[in-house]
Amino acid sequence: MQNILDKILSGELQLKGLPADRLDQLCAEIRGFLIEHVSRTGGHLSSNLGTVELTVALHRVFTTPQDAIVFDVGHQCYTHKILTGRAGRFDTLRRAGGLSGFPNREESPHDAFIAGHGNTALSAAVGIARAKKLKGEPGTVVAVIGDGAFTGGMVYEGMNNIDTLDNLVVVLNDNKMSISKNVGSVSRYLTSLRTSPSYHTAKHRTEDILDKTPVVGRYIKEALVYSKSVLRRSIYNSTFFEEMGFQYLGPLDGHDLEDLIAAFSSAKEYDSPLFLHIETVKGKGFTPAERNPAAFHGVGAFDTRNLPDPDEPMNDSFSEAMGSTLADFADTDSRVCAVTAAMKYATGLHHFSKKHRDRFFDVGMAEQHAVTFAAGLAVEGMRPLVALYSTFFQRSYDQFIHDVNLQKADVLFAIDRAGLVPGDGETHQGIYDVAFFSQFEDVPLYAPCNYAELRFWLLRLLSPQCSGPRAIRYPKGAECRELAALGCSGEPFDCVLHSGAEAPVALVSYGLLTREALAAGRALTAEGLPVDVYKVTRLNPLPEKLVLLLCAYSRVYTAEDAIVSGSLGAHLGLALQRRDYAGRYRSRGLPAGHIDHAEVPQLQKMYGLDRDGIIKWIKDDGKRG
Ligand SMILES: Cc1ncc(C[n+]2csc(CCOP(=O)(O)OP(=O)(O)O)c2C)c(N)n1
Ligand SMILES: CC(=O)[C@@H](O)[C@H](O)COP(=O)(O)O
Ligand SMILES: [Mg+2]
């Protein structure tokens, strides 16, 4: 039969009623769909290719939304979206107004829980399962969690709370990969479960015995293998998960639909939480992604017939500039260490890992641990840099406050993907870090707008003259020509556009938005409203000299791609007030909370932070007198 997927999507065929021997074909068609669409739109490819059979089996057995599937991180939910009525919107994936790349309750009732950040699925699933019990509602709750996410502490906090929830199933999708190779003791433990000779010998010996016993048919054999019988417990080693209160099944081949469906079907029969350990291949079915799953983890649009060379050096980016500068500096100071939470390549720390292997630490997907671990290094005299995406730094705010800042531990934070980010959307916007760090007047926070500034301030912050908690934030991607041309003055702020007049208006910005501010300032000045544009590089503490200068303007505006509350604008407003500034002061930033997925220039436009938006804002405000 051809085009089973089309028939399922049109309603002509039902997944639950499809003959079992058609399921492999369906999975092949879904893979084709994923490759075709993600190569056009960009998105998370490898993880989705690896979870096709898993998701088909889940939807074959369970019925959402009565049953709930909670995806951890959620970057692997594309097949779920296809099977729950959203295939037709895949051309809009991660685009403005289009399909989100993650589960989202506002997008579909079939999405049980929001995701984007890792390690949350088990806690969420325990909550949902508990609520179902309290309300007397039917339905199984399935948490789908990758082995990478299993390196994060929240998974264990959730596990500590499963009690005897018989409506809870945890699927551990073990592909030995986080974004790059998975790391640490948990990862090694999972490998030991898969490869332990005693485990396999015991398993195969049992199955051999059962196979050779004529009276024992497939179903009785399954019952024995899958049940919590004394026989099984005595033959199989007890796993950590069993000790935690789960019934443990596995490891199963996560691409074998028959096994998956049998296991999920049996899940309904258990009177305690079930843990299903499956092995999958990240990138399954697309040879380049199977060979190099990390390169296809999150991709931009690509040409399937003319793939980029995965061994080519990565694009130039702020992350690369940070990583290579740090790696070189560490040649001169043996106390410098680098810490990443499962983002070695994306943060540019791979340079450091190659040069200084013993001082490089990938702690897994565990930002909270990363920060406190770094504080531990620091109190012993090491000088760690922790590179985190702004959005994931949120995870470790208390660790920053309690473990780093209270004892002034010598930890430098490299805050990557700061500001607006493209594609990933509301879960990944890097908009809170300015407010977070600027609560502490003595914590320097720098926001370079180009590589020259990044290198200069990074080296300054690494130098022995600087110590204690300190941070540098920079956006995703490469510097732009206009801002590169500004070079680096080495000053905490610069006036980058002198209107030449007795300027009535000052416009203040930083980082990437300096480009929009400059363009707006030039246009307004050309139209006869002279504007001086200031670029701030040290956001915290606010340069006092800047405040004094701004007091001379009749109107002061700040524009930034961070939340308004606690932002540079908020602090500047207070500082001006303290100086009895009598002019007009306005600040513009981003709302806390939902910010859609779109390209960065589109988002800037949506929030009035692009050139035209800033021009209109200043003009309209002027009209108000
Ligand atoms: C708290 C947090 N830290 C880091 C990330 C970035 N991240 C996204 S996916 C991923 C790896 C996930 O590995 P795994 O759970 O095994 O899923 P796989 O991609 O292998 O299917 C990481 C580190 C994140 N989303 N959330
Ligand atoms: C799902 C997730 O959290 C990451 O895969 C993230 O999407 C990566 O973002 P970058 O592509 O900016 O590295
Ligand atoms: Mg994995």
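Predicted model only: the values in this text are computed from it and were never measured.

Conventions used here
- Residues numbered from 1 in each chain as written.
- Chains lettered and ligands numbered in written order.
- Predicted model: local features only at pLDDT ≥ 70, side-chain atom pairs only at ≥ 80, totals over all residues.
- Heavy atoms only, no water.
- Buried < 20%, exposed > 50% of the residue type's maximum accessible area, 1.4 Å probe, protein only.
- Helix = DSSP H or I, 4+ residues; strand = E, 2+ residues; numbered from the N terminus.
- Pairing = 2+ DSSP bridges.
- Donors = N, O, S within 2.8 Å, 3.2 Å for Na, K, Ca; no water.
- Axes fitted to C-alpha atoms, helices over the stretch in contact; angles between N-to-C directions.
- Contact = heavy atoms within 4.5 Å.
- Near = heavy atom within 4 Å.
- Polar contact = N/O pair within 3.5 Å; in protein donor to acceptor, adjacent residues only side chain to side chain.
- Areas by Shrake-Rupley, 256 points an atom, 1.4 Å probe, with all protein chains shown as cover.
- Nonpolar A, V, L, I, M, F, W, Y, C, P; charged D, E, K, R; others polar.
- Domains from an automatic or database assignment.
- Parallel < 35°, antiparallel > 145°, perpendicular 65-115°, else oblique.
- Core = buried A, V, L, I, M, F, W, Y, C linked by side-chain atoms within 4.5 Å.
- UniProt positions renumbered as here; feature names shortened; annotations may be inferred.

1. Digging into the pairing of strand S9 (residues 412-416)
For a regular strand, side chains alternate in direction, first toward one face of the sheet and then toward the other.
Consideration 1: For S9, a buried count of five out of five residues is recorded, marking the element as mostly surrounded by other parts of the structure.
Consideration 2: In S9, alternate side chains face the same way, and those of Leu412, Ala414 and Asp416 on one face and Phe413 and Ile415 on the other are all buried.
Consideration 3: Here S9 runs beside strand S11 (residues 470-473); their pairing, made up of four bridges, is parallel. From the neighbouring strand, phenylalanine 413 faces S11, where its bridge partner is alanine 471.

2. What about the coordination of the magnesium ion (ligand 3)?
Consideration 1: Protein ligation of the magnesium ion (ligand 3) involves Asp147 (OD), Asn175 (OD1) and Met177 (O), the donor distances falling in the range 2.0 to 2.1 Å.
Consideration 2: Mapped onto the polypeptide sequence, the residues donating to the magnesium ion (ligand 3) form the spacing pattern D-x27-N-x1-M. Comparing asparagine 175 with methionine 177 shows no difference in burial state: the two are buried.

3. A short note on the sheet that holds strand S16 (residues 555-563)
Consideration 1: The sheet built from five strands is open, its strands ordered S12-S14-S13-S16-S17 with mixed pairing. Bordering the open sheet on either side are strand S12 (493-497) and strand S17 (584-590), each of which pairs with just one other strand. On average, each strand axis in the sheet is tilted by 20° relative to the strand beside it, whichever way the strands run.
Consideration 2: Looking at chain direction, strand S13 (residues 505-509) and S16 are connected through four bridges and run parallel. Counted as the bridge partner of valine 508 is threonine 558 from S16.
Consideration 3: Docked against the sheet, helix H25 (residues 568-578) engages S13, strand S14 (531-536), S16 and S17, running at close to 165° with respect to S17.
Consideration 4: Here helix H27 (residues 611-623) sits on the sheet and contacts S13, S16 and S17; the angle it forms with S16, its principal contact strand, is near 140°.

4. Observations concerning the site of ligand 1
Consideration 1: Close contacts around ligand 1 come from 23 residues, with Ser47, His75, Gly148, Lys282 and Glu367 the closest.
Consideration 2: In the model, an oxygen atom of ligand 1 is placed 3.0 Å from a nitrogen or oxygen of the alanine 149 main chain.
Consideration 3: At a separation of 2.9 Å, an oxygen atom of ligand 1 approaches a polar side-chain atom of asparagine 175.
Consideration 4: Notes on ligand 1: free accessible area 580 Å², of which the protein chains cover 97%.
Consideration 5: Taken together, the residues that form the shell around ligand 1 break down as eight nonpolar, eleven polar and four charged.
Consideration 6: If you count residues domain by domain, the shell around ligand 1 takes at least three from each of domain 1 (21-179 + 240-287) and domain 3 (318-416 + 449-481).

5. Section: the packing of helix H2 (residues 23-41) against helix H5 (residues 78-86)
Consideration 1: Running from N to C, H2 and H5 point in directions that differ by 105°, and their axes come no closer than 11 Å. The angle between H2 and H5 falls in the class roughly perpendicular. Residues Ile30, Phe33, Leu34 and Val38 of H2 pack against Tyr78, Thr79, Ile82 and Leu83 of H5.
Consideration 2: Per-class residue counts for the contact of H2 with H5 are seven nonpolar, one polar and no charged.

6. Structural notes on unusual backbone geometry
Consideration 1: Look at the link from threonine 64 to proline 65: it is a cis peptide, with omega at 5°.
Consideration 2: As for its position among the elements, proline 65 is in the loop between helix H4 (52-61) and strand S1 (68-71).
Consideration 3: Cis geometry is found at the peptide bond from asparagine 540 to proline 541, where omega equals -10°.
Consideration 4: Looking at the secondary structure, you find proline 541 in the loop between strand S15 (538-540) and helix H24 (544-550).
Consideration 5: Notably, valine 73 is not glycine yet its phi reads approximately 65°, a positive angle.
Consideration 6: For valine 73, the position within the fold is in the loop between S1 and H5.
Consideration 7: The residue asparagine 119 is not glycine, and still its phi comes out positive at about 75°.

7. As for the site of ligand 2
Consideration 1: Residues in contact with ligand 2, as listed here, are His44, Val73, His75, Phe102, Gly116, His297, Tyr389, Phe392, Arg417, Asp424, His428 and Lys476.
Consideration 2: One of the side-chain nitrogen or oxygen atoms of arginine 417 is found 2.9 Å away from an oxygen atom of ligand 2.
Consideration 3: A distance of 2.6 Å separates an oxygen atom of ligand 2 from a polar side-chain atom of aspartate 424.
Consideration 4: Considering ligand 2 on its own, with 360 Å² of exposed area, one finds that the protein chains cover 86% of that surface.

8. Overview of the nonpolar core
Consideration 1: In this structure, Leu26, Ile30, Val56 and Phe264 are the most contacted members of the largest nonpolar core, which totals 53 residues.
Consideration 2: Tallying contributions element by element places H2 first for this core, with eight residues.
Consideration 3: Here isoleucine 30 is in contact with Leu5, Val52, Val56, Thr79, Ile82 and Leu83, once residues within four sequence places are set aside.
Consideration 4: In terms of nonpolar packing, the next biggest core, distinct from the first, is built from 50 residues, Val363, Val404, Ala447 and Leu539 among them.

9. Quick notes on the UniProt feature "binding site: thiamine diphosphate" (unreviewed entry) in the chain
Consideration 1: With numbering matched to this structure, UniProt assigns "binding site: thiamine diphosphate" (unreviewed entry) to His75, Gly148, Ala149, Asn175, Phe286 and Glu367. Spanning 293 residues, the annotated positions stay apart in the fold, the maximum distance between their C-alpha atoms being 31.4 Å.
Consideration 2: Looking at the secondary structure, you find phenylalanine 286 in the loop between strand S5 (274-279) and helix H14 (287-291).
Consideration 3: Exposure remark for phenylalanine 286: the relative accessible area of 10% places this residue in the buried category.
Consideration 4: Each residue touching phenylalanine 286, except ones within four places of it in the same chain, is listed here: Ile35, Leu45, Leu49, Phe296, Phe302 and Leu307.
Consideration 5: Structurally, the position occupied by glutamate 367 is in helix H17 (residues 367-379).
Consideration 6: Not counting chain neighbours up to four residues away, the residues in contact with glutamate 367 comprise Ala341, Leu388, Phe392, Arg395 and Ser396.

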